[in-house]
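Take a look at the letters that make up each chain.
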Amino acid sequence: MAKEPILSAKDVVIQFSLRGKMLTAIRKCSLDLYEGETLAIVGESGSGKSVFTKSFLGMLDANGKIVGGTIEYDGHDLAKYTTEKEWMTIRGKKISMVMQDPMTSLNPLKKVGKQIEESISLNQGVKKGDQLKKMAIEMLEKVGIPDPERRYNQYPHEFSGGMRQRVVIAIAVACHPQILICDEPTTALDVTIQAQILNLIRSLQSELKMTVIYITHDLGVVANVADRVAVMYAGQIVEVGNVDEIFYDAWHPYTWALLQALPQLGVKGEDLPTIDGTPPNLFNQIKGDAFAPRNKQALAIDFEEEPPFFDVSPTHKAKTWYLDPRAPKIEQPHSIRTLREKMRGRG
Amino acid sequence: MAEREKLIEIKDLQITFGSGKHKFVAVDHVNFDIYKGETFSLVGESGSGKTTIGRAITRINPVSAGEILFKGRRISGKIPKELDLEVIKKCQMIFQDPMASLNERAKVDYIVSEGLINHHLYKDEDDRKQKVEKALREVGLLPEFASRFPHEFSGGQRQRIGIARALIMEPEFVVADEPISALDVSIRAQVLNLLNRLRKSRGLTYLFIAHDLSVVRFISDRIAVIHKGRIVELAEAEKLFLHPLHPYTKALLSAVPIPDPELEKNKKLLVYDPSVHDYSKDGPVWEEILPGHFVWGNQKELEGYRKEIDSAK
């Protein structure tokens, strides 16, 4: 990939102070984001996928801060930003976010039209009332809300879950951000609505030439939307590659475990493979590969030294000692090698 | 098939909320049986009435028409006190959100044995303690956990506490209402395995209510698809996925994301349009179109479905 990344995070470390102790939520995490692509970040809750992306737009909770690394964007290092004033040049204008639950991310006491106007006037400096209204109605129309003039004057409770999520998207993209971060945008929605929202984000992405980051734990959604996938575990990206490479040729044992736990690969009446144990406690210093204690095939070195990234292909790398030429020969599990055939066989 | 014992029979069930001008029919014309030992799933979007049916079986929601039978005895409407107690014991529920369904201020010991305490189903304190210990072990928790509070546990462990609370009543029938929706992927598999194992060891029968169709396909023997309070199709799990007939079922299945980028990016999304049904003259019926495969439709539609089945052969 000769393309220049539009956003480049390097060795980012994020800590939270909780009850007098320091929790390291993100441990030297690096990520390049390329223009126009859709990147999906997957991992279980607590793996840091939300925290990591929230740090791109200064939305960490008050007790958390970036203590190391750089986030290069548009000639600036976002990791150095501290004041709201600095963040306001980025948040909403350049990088915007859609949250999981449309019930809680809208203001229940404010008409939806006004909430969209707020975003437009704050970020584009448009102050004239009728011009604002026209722009807000245009946005409602753009996100596929029928009868936008009437809807403009309604409150969030008058909208269904799917329509509400469309309003949230309208607010997020009202200022034509360059990067849109979608944090579990469809988790609270029904499957039929989910498919519509994913299509909406896709069409807005090509119309407004946005780069999109999806945060999700649903591998079906990942397969639908992603060009590239990053797998996160215990505050680090452990594997990153093109979507086909992650689904058909994964190498990190945690990615294997995630794929194997899919009910689609299960045999009826038999147990699904599970990931035993729990993620490490991030209050403690982690030694070696963070996933090693849960990995039945862990190597001795996994408990001693943290693995570096090894290239699988020019676009695909994984942070596991399995790929070291000195490691004993480890084969991908059968179910990973045959995932493609298994899915086809289900009709 | 015909020899199997029916544990639950639901006949022309209707459930309404409110009255007069505000009357709302949540569930209507619902008919199905649940056989002993099977996992029967109800799928549909939110607001379709799937939870309402589950709650009607456990006597939480009153029934406005039709009836529900448990082992051949009517358990809907007014019933004798002894039968009511039997239903409480034999029909238990597992809830969706383990964060919200456990009493934050009670210890696990009390939470798990609450049902026993309410109905004096234990001999003495030792007996109760033993029962709690047994239930906790059965769901893979340590007996020491009894003295802790719910907030000390992870989501998966809390859901196990919720399951232990149901198990301690020694139920025969369990309504599992979205038991894994709030859980992480890796923990989801553990809870599914636990439910499956308990079904075998305890001879349990499940009514599984869910909206995640890939999970439903994995765990169910039979599936009923519900849309706006009506069951539109019912069949064995694999048959329903391979040969769906009703247009709503087809649309629903087409929307399920497949974790395979090649298939997922090329799939065709179907949209359900309820106006395709013209029920003005030719009214719809609940018809067993193939053995064990039911569908809701009028004569003209049923004919179309029959042709579809023939051409698929």
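Residues numbered from 1 in each chain as written. Chains lettered and ligands numbered in written order. Predicted model: local features only at pLDDT ≥ 70, side-chain atom pairs only at ≥ 80, totals over all residues. Heavy atoms only, no water.

Q: I keep staring at the side chain of Glu-117 of chain A and nothing clicks. Help me out?
A: All names here are of chain A. Within the secondary structure, Glu-117 sits in helix α4 (residues 112-124). Among the residues examined, Glu-117 registers a relative accessible area of 8% and is labelled buried. A distance of 3.5 Å separates a polar side-chain atom of Glu-117 from the backbone nitrogen of Lys-133. Apart from the residues within four sequence positions on either side, Glu-117 is in contact with Leu-132, Lys-133, Ala-136 and Tyr-152. (Helix = DSSP H or I, 4+ residues; strand = E, 2+ residues; numbered from the N terminus. Buried < 20%, exposed > 50% of the residue type's maximum accessible area, 1.4 Å probe, protein only. Polar contact = N/O pair within 3.5 Å; in protein donor to acceptor, adjacent residues only side chain to side chain. Contact = heavy atoms within 4.5 Å.)

Q: Honestly, the domain arrangement of chain A in this entry has me stumped. Any pointers?
A: All names here are of chain A. By domain assignment, chain A separates into domain 1 (5-226) and domain 2 (231-344). Computed from C-alpha atoms alone, the centre-to-centre distance between domain 1 and domain 2 is 29 Å. In this assembly, 24 residues from domain 1 lie in contact with 19 residues from domain 2. At the boundary of domain 1 with domain 2, total buried surface from both sides reaches about 1,800 Å², with 64% on carbon and sulfur atoms. In terms of surface lost to domain 2, no three residues of domain 1 exceed Arg-27, Glu-44 and Leu-219, which account for 37% of the buried area on that side. Counting the contacts that link domain 1 with domain 2 gives one salt bridge. Among the ionic pairs, Glu-44 bridges to Arg-294, the shortest N-O distance being 3.4 Å. Connecting domain 1 to domain 2 are eight residue pairs in polar contact (both at pLDDT 80 or more). Counting residues per element, the ones that place at least two in the side of domain 1 that touches domain 2 are β2 (21-34), β3 (38-42), α1 (49-54) and α9 (219-225). Element by element, the count of residues in the side of domain 1 that touches domain 2 is highest for β2, at ten residues. (Domains from an automatic or database assignment. Buried area = accessible area lost by both parts, 1.4 Å probe. Salt bridge = Lys/Arg side-chain N within 4 Å of Asp/Glu carboxyl O.)

Q: What exactly am I supposed to notice about the interface of chain A and chain B here?
A: Between chain A and chain B, the residue contacts involve 43 residues of the former and 34 residues of the latter. Here chain A and chain B share five salt bridges between them. Our count for the contact surface shared by chain A and chain B stands at 16 residue pairs in polar contact (both at pLDDT 80 or more). For the side of chain A that touches chain B, the secondary structure elements donating two or more residues are α8 (191-208), α9, α10 (243-248) and α13 (339-344) of chain A. With six residues, the single largest contributor to the side of chain A that touches chain B is α9 of chain A. For the side of chain A that touches chain B, the class distribution of residues is 19 nonpolar, twelve polar and twelve charged. (Nonpolar A, V, L, I, M, F, W, Y, C, P; charged D, E, K, R; others polar.)

Q: Which parts of the structure should I look at to understand the sheet that holds β2 of chain A?
A: All names here are of chain A. The four strands lie next to each other as β2-β1-β4-β5, forming an open sheet whose pairing is antiparallel. Edge positions in the sheet fall to β2 and β5 (76-77), since each of these pairs with one other strand and no more. Sheet topology note: the strand β1 (residues 5-18)/strand β4 (residues 64-73) ladder contains eight bridges and is antiparallel. Bridging from a neighbouring strand, Lys-10 pairs with Thr-70 of β4. (Pairing = 2+ DSSP bridges.)

Q: Got a minute to help me understand the environment of Val-212 of chain A in this structure?
A: Residue and element names in this part refer to chain A. Inspection of the secondary structure puts Val-212 in strand β8 (residues 211-216). We classify Val-212 as buried; its relative accessible area is 0%. Along the primary structure Val-212 and Ile-95 are separated by 117 residues, whereas in three dimensions their C-alpha atoms are 9.7 Å apart. Setting aside residues no more than four positions away along its own chain, Val-212 makes contact with Glu-37, Thr-38, Leu-39, Leu-180, Cys-182, Ile-201 and Gln-205.

Q: Explain the environment of Ile-117 of chain B to me, please; I cannot follow it from the model alone.
A: Residues and elements named next belong to chain B. Looking at the secondary structure, you find Ile-117 in helix α3 (residues 108-119). By relative accessible area, which is 25% here, Ile-117 ends up partly exposed. A C-alpha to C-alpha distance of 48 Å links Ile-117 and His-243, two positions 126 residues apart in sequence. The contacts of Ile-117, once residues within four sequence positions are left out, are Tyr-110, Tyr-122 and Arg-128.

Q: Can you help me understand the pattern of salt bridges in this one?
A: As a working rule, side chains carrying opposite charge can pair if their charged atoms are close by. Tallied over the entire structure, the rule returns 42 salt bridges over all chains. Measuring nitrogen to oxygen at the nearest pair gives 3.2 Å for the salt bridge that ties Asp-271 of chain A to Arg-197 of chain B. Of this pair, Asp-271 of chain A sits in the loop between α11 (253-260) and β11 (310-313) while Arg-197 of chain B sits in helix α6 (residues 185-202), each in a different chain. Its relative accessible area of 46% is what places Arg-197 of chain B among the partly exposed residues. Residue Glu-238 of chain B is joined to Arg-217 of chain B by a salt bridge in which the shortest nitrogen-to-oxygen separation is 2.9 Å. One end of the pair, Glu-238 of chain B, is in helix α8 (residues 237-242); the other, Arg-217 of chain B, is in helix α7 (residues 213-219), with 21 residues separating them in the sequence. Connected through salt bridges with shared partners, the residues Arg-340 and Arg-344 of chain A together with Asp-260 and Glu-262 of chain B form a single ionic network.

Q: Teacher, can you tell me more about helix α1 (residues 50-57) of chain B here?
A: Because each turn of an α-helix spans 3.6 residues, side chains separated by three or four positions in sequence point in the same direction. With respect to burial, α1 of chain B is a largely interior element, six of its eight residues being buried. Among the residues trailing α1 of chain B, Arg-59 of chain B stands out with phi positive, at a value near 65 degrees.

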